[in-house]
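# Residue-level structural notes
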Amino acid sequence: MSGWLAILVLWPLAMASLIAIWPKLTKPVALLALFGTGLLSVVVFNLPNGVWALGGWAMPLGIGWRLDEISRLMLLLTGVVGMLVSLYAWWDSSLARSFWVLWLGAWGAMNALYLAADVFNIYVTLELLGLSAVALVAISLKAGALQAAMRYLLVSLLGSMLFLLGVALLYGQYGQLDILALAMQMEPSFPMLFALVVMSVGLMAKTAVFPLHSWLPLAHGRAPAAVSAILSALVIKASFYLLMRLWLEVFAPIPTLALIYGVWLMGSVALLWGAWQALSSQQLKPMVAWSTVAQVGYLVIGLGLLAHPNTPTGINTPEGWQWGLLWLMMAHALAKSAMFLAAGNLQQAAGHDRISDLGEVMRVQRKTLFAFGLAGVSLAGLPVSAGFLAKWWLLELGLFHQAWWLVMVMVIASLLSAGYVFRVLNVALNKELKPLIEHAPVMIPIHAGRQWVVLILASLGVLAGLQAQWLWGA
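Scoring rules and cut-offs
Residues numbered from 1 in each chain as written. Predicted model: local features only at pLDDT ≥ 70, side-chain atom pairs only at ≥ 80, totals over all residues. Heavy atoms only, no water. Phe/Tyr/Trp six-rings, centres within 6.5 Å; stacked < 30°, edge-to-face > 60°. Lys NZ or Arg CZ within 6 Å of the ring centre and 35° of its normal. 1 Å grid on protein atoms, 1.4 Å probe; cavity = no way out; pocket = protein on both sides within 12 Å on 5 of 7 lines; lining within 4 Å. Points joined across faces, edges and corners; volume = space filled by probe spheres on them. Helix = DSSP H or I, 4+ residues; strand = E, 2+ residues; numbered from the N terminus. Nonpolar A, V, L, I, M, F, W, Y, C, P; charged D, E, K, R; others polar. Polar contact = N/O pair within 3.5 Å; in protein donor to acceptor, adjacent residues only side chain to side chain. Contact = heavy atoms within 4.5 Å. Axes fitted to C-alpha atoms, helices over the stretch in contact; angles between N-to-C directions. Parallel < 35°, antiparallel > 145°, perpendicular 65-115°, else oblique. Left-handed = near helix turned anticlockwise from the far one by under 90°. Buried < 20%, exposed > 50% of the residue type's maximum accessible area, 1.4 Å probe, protein only. Pairing = 2+ DSSP bridges. Expected span 1.5 Å × (residues − 1). Salt bridge = Lys/Arg side-chain N within 4 Å of Asp/Glu carboxyl O. Bend = angle between axes of the 7 residues up to and from the residue.

For the rest of this paragraph, the subject is the packing of aromatic side chains. Summed over all chains, the structure comprises ten aromatic pairs. One aromatic cluster is present, formed by Tyr261, Trp264 and Trp405 through successive ring pairs. Here the basic side chain of lysine 27 rests over the ring of tryptophan 90, its NZ or CZ set 4.7 Å away from the ring centre. When the ring centre of tyrosine 298 is taken as origin, the NZ or CZ atom of lysine 391, which lies over that ring, is 4.4 Å away.

Here you go:
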């Protein structure tokens, strides 16, 4: 059984090595890597839950792997979104060969992170993922990209150091690092509260939670479209997944009301500040990047609501409220990957991403425009989409806790989200709007496959809302 888990981690790493050794084989090997890893994710998703020791070496000397409902869903999400974004990148001739080496390395690290059963191996995989992500941001070697990558690197290293400090505190207190064992022994104390705080700050920096978000608009805005989609849809989800594990599993008895209210406040400010910045942005990719800052606010608020001591124990289980947070992560990953790839299509076709001058390009790329609109529907939480169900869950949980101000903030943020999406669509649909530059744009042809990939990702975000019962049972 554990053989499939090992293959899921090693397959993308082996393909990355092949591409590094034989650059001429990049295209066929990349195709083999993306379909192979995507298929393996589906196979692993259908495996039963369990805990395994890699190579028969028991922890703490060996590496333990654990498969449960949450890790299986994260592996499937990474597999499906990763495969589609990879397909988009396969048709993007502007990407350097090193993209595949770095991205497949990051994919293998993410799979290992979701399978890791102890916090030290999680730290190792988190570090590998962070370094790969930083290198992906710098892949164009342009001055702006290098500056963004440097800022991302510093934040990522700081986050890793704080996480490692928490790992040391856990080992000092309990003498072991296995997640399930720690969760069973955890008792409220000041050292464990301190460990939760430092690990959370480190992971929040990597997730770009307000006010630790300043690296994200630069990194996601200046990276190639495929890289931005990977970072926004998958990489920041990996660090948020760890936040979820820590708050709801390892440190479940620790979060105090002060911590929870602090998390609510951070999420609320992120929602309003990020959405306002997106609404004010004059360029498409920075607008989508600021939208990520806002949407992360929903995730953080959902985490705080679940960790609240008044949340009934019976529904704070994988079968209950917790699925809402996973659903929110999935809805955001599908919508945001589609939106970044759509922005990449438009930017590459027009040669710029000034929103006011993209009208003609958007009218020509109808599939891309339609996909951008569909992704916007899910992002704003409009009915029938996966985003609608996720936002409905958040509002329901907020009302359960009688957090009226929090509910109001989430409603206002959804209206702002609809506002910046409609602003882009209005440029395309209103032919009376004149571009700031009068001359007709010279359009660069975009491979049709890239437009289809964007449309599939956006459509999945809507179809998931119509077929929610397979996951949520609702």
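Here we take up the layout of surface pockets. In this approach the atoms are scanned with a rolling probe the size of a water molecule, which exposes any empty space left behind. The space that makes up the largest pocket amounts to roughly 640 Å³. Lining of the largest pocket is provided by 23 residues; of these, Lys142, Arg222, Ala223, Pro224 and Gln347 occupy positions nearest its centre. Looking at the lining of the largest pocket, the elements that each hand over two or more residues are helix H6 (143–174), helix H9 (215–222), helix H12 (284–307) and helix H13 (322–350). Considering every element that reaches the lining of the largest pocket, the biggest residue donor is H9, with four residues. In terms of residue class, the lining of the largest pocket is made up of ten nonpolar, eight polar and five charged.

Let us now look at the side chain of serine 385. Checked against the element boundaries, serine 385 lands in the loop between helix H15 (366–380) and helix H16 (386–400). There is a polar contact of 3.1 Å between the side chain of serine 385 and the backbone nitrogen of phenylalanine 388. Residue contacts for serine 385: discarding those within four places in its chain leaves Val377, Ser378, Gly461, Val462 and Gly465.

In helix packing, the relevant descriptors are the interaxial angle and the interaxial distance, both defined with respect to the helix axes. Contact geometry for helix H5 (residues 119–137) and helix H10 (residues 225–250): axes closest at 11 Å, N-to-C directions at 160°. The orientation of H5 with respect to H10, classified from their angle, is roughly antiparallel. In the packing of H5 onto H10, the handedness of the crossing is left-handed. From H5, Ile122, Leu126, Leu129, Ala133, Leu136 and Val137 reach across to H10, where they touch Val227, Leu231, Val235, Ala238 and Leu242. Classifying every residue of the contact of H5 with H10 gives eleven nonpolar, no polar and no charged.

Side chains of strand S1 (residues 50–53) alternate between two faces, with Gly50 and Trp52 buried and Val51 and Ala53 left unburied. Note that S1 and strand S2 (residues 64–67) share four bridges and pair antiparallel. Across the sheet, residue valine 51 finds its bridge partner in S2, namely arginine 66.

What follows deals with H5. Here H5 spans 27 Å end to end across 19 residues, near enough to the 27 Å set by a 1.5 Å rise per residue. Across the 19 residues of H5, 14 count as buried, placing the element largely inside the fold. Put simply, aspartate 118 is the residue that caps the front of H5, since its side-chain oxygen is 3.1 Å from the backbone nitrogen of phenylalanine 120.

Here we come to empty space enclosed by the protein. The final tally for this structure, using the stated rule, is three cavities of 30 Å³ or more. In this model, the largest cavity occupies a volume close to 70 Å³. Surrounding the largest cavity, Leu126, Leu129, Gly130, Tyr152, Ser156, Lys206, Val235, Ile236, Ala238 and Ser239 form its lining. Of all the secondary-structure elements, those providing two or more residues to the lining of the largest cavity are H5, H6 and H10. Sort the elements by how many residues they give to the lining of the largest cavity and H10 lands first, with four residues. For the lining of the largest cavity, the class distribution of residues is six nonpolar, three polar and one charged. By volume, the second largest cavity is sized at about 40 Å³. Lining of the second largest cavity is provided by Gln295, Leu328, Ala331, His332, Ala335, Ser378, Leu379, Gly387 and Lys391.

To continue, consider the packing of H13 against H15. Here H13 crosses H15 at 150°, and the two axes come no closer than 9 Å. In terms of their interaxial angle, H13 and H15 are classed as roughly antiparallel. Between H13 and H15 the crossing geometry is left-handed. Between H13 and H15, the contacting residues are Ala331, His332, Ala335, Lys336, Ala338, Met339, Ala342, Asn345 and Leu346 on the first element and Thr368, Phe372, Ala375, Gly376, Ser378 and Leu379 on the second. By residue class, the composition of the contact of H13 with H15 is nine nonpolar, five polar and one charged.

With the rule as written, the count across this model stands at seven salt bridges. With its nearest N and O atoms 2.5 Å apart, the salt bridge here joins arginine 66 to glutamate 249. Placement of arginine 66 in strand S2 and of glutamate 249 in helix H10 is noted, with a sequence separation of 183 residues between them. On the accessibility criterion, glutamate 249 (17% relative accessible area) is buried. Between arginine 245 and glutamate 249 there is a salt bridge; the shortest N-O distance is 3.1 Å. Of this pair, arginine 245 and glutamate 249 are both found in helix H10, four residues apart, which corresponds to roughly one turn of the helix. Among the charged side chains, a salt-bridge network with shared partners connects Arg66, Asp68, Arg245 and Glu249.

Between its first and last C-alpha, helix H1 (residues 2–21) extends 28 Å over 20 residues, near the 28 Å set by a 1.5 Å rise per residue. Its axis deflected by about 30° at leucine 10, H1 carries its strongest bend there, up to four residues before the proline proline 12. The set of residues buried in H1 consists of Leu5, Ala6, Leu8, Val9, Pro12, Met15, Ala16 and Ile19. Summarising the contacts, the buried residues of H1 are in contact with helix H2 (26–45), S1, S2, helix H3 (69–90) and helix H4 (98–115).

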